[in-house]
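Each chain, letter by letter, is given below.
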Amino acid sequence: MRETATVSRLKVLLLGGTAEASALAQRIAEDGRFDGALSLAGVTRSPKASPLRTRIGGFGGADGLARYLREHGTGALVDATHPFAAAMSANAAAAAATAGVPCLAVCRPAWTEQAGDRWVRVADMPAAAAALGAAARTVLLTVGRKDLAPFRGMAQHRYIVRSVDPPLPEDLPRNASFIAARGPFAVEEEERLMRTHRIETVVTKNSGGSATAAKITAARQLGLPVVMVERPQATGAPVSTVDEAWDWLVARHAEAAPARRGV
Ligand code: NAP
């Protein structure tokens, strides 16, 4: 823990739900220059415990978040939500502008295609479902439990659906089995899963990062096609790493400290 006696603390709101947010939360909690709070949407039933004070649930759009920032005297906002959490990122940028709070988005780089990959790139989930084609296939579906709707319309396929929490039964495609699992995953276990279920195609969001990249490597090694849902447009100019986000926070603290001391 750093010395805090002469340095006032910068109030940080961290929008989470990612490995980057967890890593940043740890650093913020261990550094006395910051008074941090973590915000989660409440989508995951048993989120990983955080060392930061945690609030759960939406803010009520950009206006609600701007109100929260003002009411809590937030001095810096870090949007470390998932690359596909486009609504939250847009709200964060708008709310920060309204409330006059410095805001930074941190967004891990997308995966890129390598030699041996057989990617079918699509823009969104309906296009991913359509890309599976008319002929029946066995599909490993790893797009999250909230994005299954377009696949229900492609009932000729057999689906192995994997997500952290179980989907509602009515959200599952007709011919689907569910596997509950939370990354990180190893390549060998992903290969075993694909062989065991005789997977013919993998569907994934281009989430990036290391925790779930093993399925991409496993598909490459097994020569399987991957339907890759590309990311929504990023809001603003995000940084890619936790280190960059940390440097930004330290700079915001240095910038704000004289003002807070009345200098
Ligand atoms: P989204 O579509 O961009 O956001 C929908 C609404 O959920 C937002 O407008 C906001 O409600 C609320 N929300 C989202 N993130 C929040 C947060 N960190 N704190 C408080 N409220 C939040 O988001 P999503 O794609 O559903 O993702 C929800 C959460 O799951 C995010 O924290 C994200 O990091 C995490 N996650 C998402 C994915 C994915 O594939 N989308 C994957 C892994 C983790 P209000 O408008 O009421 O404020």
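What you see is a predicted model; the values in this text were computed from it and never measured. Along each chain, the written sequence defines residue order, and numbers are assigned to residues from 1. Given that the model is predicted, a residue must reach a pLDDT of at least 70 before its local features are reported, and side-chain atom pairs must reach 80 or more before they are shown or counted; all residues, however, enter totals for whole chains, interfaces and linings. Hydrogens and waters are ignored; side-chain quantities use all the structure's heavy atoms.

Chemist: What should I look at first to understand the pattern of salt bridges in this one?
Modeler: Salt bridges are defined as contacts in which a side-chain nitrogen from Lys or Arg sits within 4 Å of a carboxyl oxygen from Asp or Glu. Scanning the entire structure with this criterion turns up 12 salt bridges. With a closest N to O distance of 2.8 Å, Arg220 and Asp117 form a salt bridge. Here Arg220 is found in helix H7 (residues 214-222), whereas its partner Asp117 is found in the loop between strand S5 (103-105) and strand S6 (118-122), with 103 residues between them in sequence. The salt bridge partner of Glu255 is Arg252, with a shortest N-O separation of 2.9 Å. Here Glu255 and its partner Arg252 are both found in helix H8 (residues 242-260), 3 residues apart, which amounts to about one turn of the helix. Three or more residues joined by partner-sharing salt bridges are found here, namely Glu113, Arg121 and Glu230. Each helix is a run of DSSP H or I of at least 4 residues and each strand a run of E of at least 2, with the numbering of both proceeding from the N terminus.

Chemist: What exactly am I supposed to notice about the environment of Leu24 here?
Modeler: Residue position: Leu24 is located in helix H1 (residues 19-29). For each residue, the accessible area found with a 1.4 Å probe, counting protein chains only, is set against the maximum for its type, and the residue is called buried under 20%, exposed over 50%, and partly exposed in between. Relative accessible area serves as the criterion here: at 0%, Leu24 is assigned to the buried category. When the C-alpha positions of Leu24 and Leu77 are compared, they lie 12 Å apart, and in sequence the two are 53 residues distant. Ignoring anything within four residues of it in the chain, the contact list for Leu24 reads Leu14, Val78, Val242, Ala245 and Trp246. Contacts are residue-level and defined by heavy atoms, with any inter-residue pair within 4.5 Å sufficient.

Chemist: For this particular structure, what's the right way to read the site of the ligand?
Modeler: Not every one of the 22 residues close to the ligand is listed here, only the nearest: Gly16, Ser39, Phe59, Lys146 and Lys205. In the environment of the ligand, an oxygen atom lies 2.8 Å from a nitrogen or oxygen atom belonging to the backbone of Met88. In the model, an oxygen atom of the ligand is placed 2.6 Å from a nitrogen or oxygen of the Lys146 side chain. In the complex, the protein chains occlude 75% of the 810 Å² of accessible area that the ligand would expose alone. Among the secondary structure elements, those contributing two or more residues to the shell around the ligand are strand S2 (34-40) and helix H3 (86-99). The dominant element in the shell around the ligand, judged by the number of residues it contributes, is H3, at 4 residues. A single heavy atom is enough: if one lies within 4 Å of a molecule or strand, its residue is considered near that molecule or strand. Between N or O atoms, a polar contact is any pair within 3.5 Å; within protein, one atom must be a potential hydrogen donor and the other a potential acceptor, and residues adjacent in sequence are included only when both atoms are from side chains. Accessibility throughout is a Shrake-Rupley quantity obtained with a 1.4 Å probe, and a residue counts as covered only by protein chains that appear here.

Chemist: I keep staring at H1 and nothing clicks. Help me out?
Modeler: By the burial criterion, the buried members of H1 are Glu20, Ala21, Leu24, Ala25 and Ile28. What you see down the axis of H1 is that its buried residues fit within an arc of 135 degrees, all on one side. Along the arc lie the directions from the helix axis toward the C-beta atoms.

Chemist: Whenever I open this one, the packing of helix H6 (residues 187-196) against H7 confuses me. Can you help?
Modeler: Packed helices, taken two at a time, are described by their axes: the angle between them and the distance between them. Orientation of H6 relative to H7, taken along the N-to-C sense of each, is 55 degrees, at an axis distance of 8 Å. One way to sum up the angle between H6 and H7 is to call them oblique. Of the two elements, H6 crosses H7, and the hand of that crossing is right-handed. Residues Val187, Glu190, Glu191, Met194 and Arg195 of H6 lie in contact with H7, whose contacting residues are Ala214, Lys215, Thr217, Ala218, Ala219, Gln221 and Leu222. For helices, the axis comes from a line fit to the C-alpha atoms of the stretch in contact; other axes are also lines fit to C-alpha atoms, and the angle between any two N-to-C directions lies between 0 and 180 degrees. Just so you know how the angles are binned, under 35 degrees is roughly parallel, over 145 roughly antiparallel, 65 to 115 roughly perpendicular, and the rest oblique. Should the near helix be turned anticlockwise from the far one by less than a right angle, the crossing is termed left-handed; should it be turned clockwise, right-handed.

Chemist: Teacher, can you tell me more about the pairing of S2 here?
Modeler: Burial within S2 is extensive, with 7 of its 7 residues counted as buried. Burial along S2 is two-sided: the residues Phe34, Gly36, Leu38 and Leu40 and Asp35, Ala37 and Ser39 are all buried. Pairing analysis gives 6 bridges linking strand S1 (residues 10-15) to S2, with the strands arranged parallel. Within S2, the position partnered with Leu10 by the bridge is Phe34. Crossover handedness is defined by viewing with both strands directed away from the observer: a clockwise path from the first strand over the helix to the second marks the crossover as right-handed. Crossover S1 to S2 through H1 is right-handed. Sheet topology places S2 next to strand S3 (residues 53-56); 4 bridges connect them, and they run parallel. The partner of Ser39 across the bridge, within S3, is Arg55. When DSSP finds two or more bridges between two strands, those strands count as paired.

Purely geometric numbers; function is a separate question.
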